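One letter stands for each residue in the lines below.
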Amino acid sequence: MELLRVDPRQPDPGVILRAADVIRGGGLVAFPTETVYGLGAHALDPAAVERIYEAKGRPSYNPIIVHVATAEQAHDVVLEWNETAERLARAFWPGPMTLVLPKRANVPDNVTAGLTTVAVRVPAHPVAHALLAAAGVPIAAPSANKSMQLSPTMAAHVVASLGDAVDIVLDGGPTWVGIESTVVDVSGDRPVVLRPGTISLEQIEAVAGATVTLGGVAPADAPRPSPGMLDRHYAPRARLVLADSTDVGIRVELERTHGHRAGAVVISAPIEPSPTTVTMPNDPAEYAARLYATLHALDDAGCDVVVVERVPESGLWLGVRDRLERAAR
Ligand code: TXA
Ligand code: MG
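Computed from a predicted structure; not experimentally measured. (Residues numbered from 1 in each chain as written. Chains lettered and ligands numbered in written order. Predicted model: local features only at pLDDT ≥ 70, side-chain atom pairs only at ≥ 80, totals over all residues. Heavy atoms only, no water.)

A.B. asks: How do you make sense of the environment of D167 when you look at a structure like this?
C.D. replies: With respect to the helices and strands, D167 occurs in the loop between α7 (155-162) and β8 (168-171). Separated by 148 residues in sequence, D167 and A19 have C-alpha atoms that sit 8.9 Å apart. Residues within four places of D167 in sequence aside, it is in contact with M1, E2, V22, G27, L28 and R51. (Helix = DSSP H or I, 4+ residues; strand = E, 2+ residues; numbered from the N terminus. Contact = heavy atoms within 4.5 Å.)

A.B. asks: Help me understand the packing of helix α1 (residues 13-24) against helix α6 (residues 126-135), please; the structure alone is not making it clear to me.
C.D. replies: How two helices pack is summed up by the angle between their axes together with the distance between the axes. It is at 8 Å that the axes of α1 and α6 come closest, and there the two elements cross at 60°. When the axes of α1 and α6 are compared, the pair comes out oblique. As for the relative orientation of α1 and α6, their crossing is right-handed in sense. Touching I16, L17, A19, A20, I23 and R24 of α1 are V127, A130, L131, A134 and A135, all from α6. A breakdown of the residues in the contact of α1 with α6 according to their chemical character gives ten nonpolar, no polar and one charged. (Axes fitted to C-alpha atoms, helices over the stretch in contact; angles between N-to-C directions. Parallel < 35°, antiparallel > 145°, perpendicular 65-115°, else oblique. Left-handed = near helix turned anticlockwise from the far one by under 90°. Nonpolar A, V, L, I, M, F, W, Y, C, P; charged D, E, K, R; others polar.)

A.B. asks: Can you walk me through the nonpolar core in this structure?
C.D. replies: Most often, soluble globular proteins keep nonpolar side chains buried together rather than apart. L88, M97 and L99 are the most contacted members of the largest nonpolar core, which has 46 residues in total. Examining the composition of this core, we find that five residues originate from one element, helix α2 (residues 46-56), more than from any other. Beyond its immediate stretch of four places on either side in the chain, L99 contacts W81, A85, L88, A89, W93, V118, A119, V120, V184 and V186. (Core = buried A, V, L, I, M, F, W, Y, C linked by side-chain atoms within 4.5 Å. Buried < 20%, exposed > 50% of the residue type's maximum accessible area, 1.4 Å probe, protein only.)

A.B. asks: How should I be thinking about the domain arrangement of the protein chain in this particular structure?
C.D. replies: By domain assignment, the protein chain separates into domain 1 (2-214) and domain 2 (239-327). Here the C-alpha centroids of domain 1 and domain 2 sit 28 Å apart. Opposite the 21 residues of domain 1 that make contact, domain 2 presents 15 residues. Overall, the association of domain 1 and domain 2 removes approximately 1400 Å² of surface from exposure, summing both partners, and the carbon and sulfur fraction of that is 66%. Our enumeration of links across domain 1 and domain 2 arrives at one salt bridge. One salt bridge connects R323 with E180, and the closest N-O pair in it is separated by 2.7 Å. The interface formed by domain 1 and domain 2 includes five residue pairs in polar contact (both at pLDDT 80 or more). The element best represented in the side of domain 1 that touches domain 2 is helix α8 (residues 201-208), accounting for three residues. Taken together, the residues of the side of domain 1 that touches domain 2 break down into nine nonpolar, nine polar and three charged. (Domains from an automatic or database assignment. Buried area = accessible area lost by both parts, 1.4 Å probe. Salt bridge = Lys/Arg side-chain N within 4 Å of Asp/Glu carboxyl O. Polar contact = N/O pair within 3.5 Å; in protein donor to acceptor, adjacent residues only side chain to side chain.)

A.B. asks: Hey, could you run me through the packing of aromatic side chains in this one?
C.D. replies: Each pair of aromatic rings is reported with the distance of its centres and the angle of its planes. In total, this model carries two aromatic pairs according to the counting rule given. An angle of 45° between the planes, with centres 6.1 Å apart, marks the rings of W81 and W93 as tilted. Linking W81 in the loop between α3 (71-74) and α4 (83-92) with W93 in the loop between α4 and β5 (97-102), this pair joins segments that are twelve residues apart in sequence. Residue classification places W81 among the partly exposed positions, given a relative accessible area of 21%. When the centroid spacing of 5.3 Å and the interplanar angle of 75° are considered together, the rings of Y287 and W317 count as edge-to-face. Placement of the pair is Y287 in helix α10 (residues 284-300) and W317 in the loop between β15 (305-309) and α11 (318-327), with a sequence separation of 30 residues. Take Y287 and W317: they sit in the same class, and that class is buried. Seen from the ring of Y234, R323 lies directly overhead, with NZ or CZ sitting 5.1 Å from the centre. (Phe/Tyr/Trp six-rings, centres within 6.5 Å; stacked < 30°, edge-to-face > 60°. Lys NZ or Arg CZ within 6 Å of the ring centre and 35° of its normal.)

A.B. asks: Explain the pairing of strand β13 (residues 262-266) here, please?
C.D. replies: Residues in a regular strand project their side chains so that they alternate between the two faces of the sheet. Here β13 lies mainly inside the structure; five of its five residues are buried. Burial along β13 is two-sided: the residues A262, A264 and V266 and G263 and V265 are all buried. Across four bridges, the pairing between β13 and β15 is parallel. Counted as the bridge partner of A264 is V307 from β15. Alignment of β13 against strand β14 (residues 277-279), held across three bridges, turns out to be parallel. Residue pairing across strands places V266 opposite T279, the latter belonging to β14. (Pairing = 2+ DSSP bridges.)

A.B. asks: Help me understand the environment of K56, please; the structure alone is not making it clear to me.
C.D. replies: Structurally, K56 can be placed in helix α2. Note on K56: relative accessible area 2%, which makes it buried. Taking the C-alpha atoms as reference points, K56 and V107, 51 residues apart in sequence, are found 20 Å from one another. Once residues lying within four places of it in the same chain are set aside, the contact partners of K56 are L39, P142, S143, N145, K146, S147 and L162.

A.B. asks: How do you make sense of unusual backbone geometry when you look at a structure like this?
C.D. replies: Trans peptide bonds make up most of the peptide bonds, and negative phi angles are found at most residues other than glycine. Geometrically, the link from W93 to P94 is a cis peptide bond, its omega value of -10° lying close to zero. Residue position: P94 is located in the loop between α4 and β5. With phi around 55°, A113 is a residue other than glycine that occupies positive phi space. Take A113: it is sitting in the loop between α5 (109-112) and β6 (117-121).

Structure follows, in structure tokens:
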């Protein structure tokens, strides 16, 4: 594995060209997007895509998002584009939104886990964009972590999780959105949000001009429309417990009397300061940007359990709440 540092705003074209060559040659390149780091492979090369599944230990039924440089290039992998897709793409691309649409035959089955749809996204990060442009091929990229673990928001997280399974890691510093893209299935009559992110249902409705539903929240044993809805996902090593603001302090004390090393993540809950107590911003976007790095750090500090103050119910907090609830299962 080679770790190559790049300027997140103006990545060195020489470094990008090398990484693009690795992609075209069937190798794996981890790269920053605005949401989380992705583990990229040539999306139209099934053997390259297979390496992603092996590196992550990812179950073969979990499909992978295809990243493209521009909305026009999305047409190379999407069979039928529609008005809703057009509106959402215009409003939110490049950016943290993934659209699910009927796939073209050139997209290998292992990218879509045998589904007839493909998930596609135009990332906003200059490094991701430069890599896509230089490679000249669509890049399949799940989050660059072992399956079921927390997504990486820094290159060090990628190295710790995947190590030599990756050919090149492009270190473009911390990502700024911090949680994964909003996945919207626009293949049907009405848009369905399969995985909430930092773009709210209300924002999507306003642009799509249609009612948007939240889908994919299925019971543990049901087949998943989107395996991002797998129960335990996006989870730290430590057990994660959600508590109301008034209960956080008591819960932490209780865990400590049981001999556990307890961390706490709060917004306004009263709690004794400690090296494993983190106060987060009371703003959903800022909270999201710091969430995974905070949980990674508490894992690294050796916490057995992390007590997290419940976040507000409002629409803009939906993505953060979703990740916390998943991690707590
Ligand atoms: O922000 C992100 O989306 C990051 C960056 C790297 O782009 N990627 C990411 O990928 O989070 P991953 O593999 O960790 O999550 C992809 C999600 C999963 O929930 C997967 O089930 C869903 O997208 N997905 C992929 N293809 C799909 C399809 N054809 N239909 C429904 N869901 C799909
Ligand atoms: Mg993931």
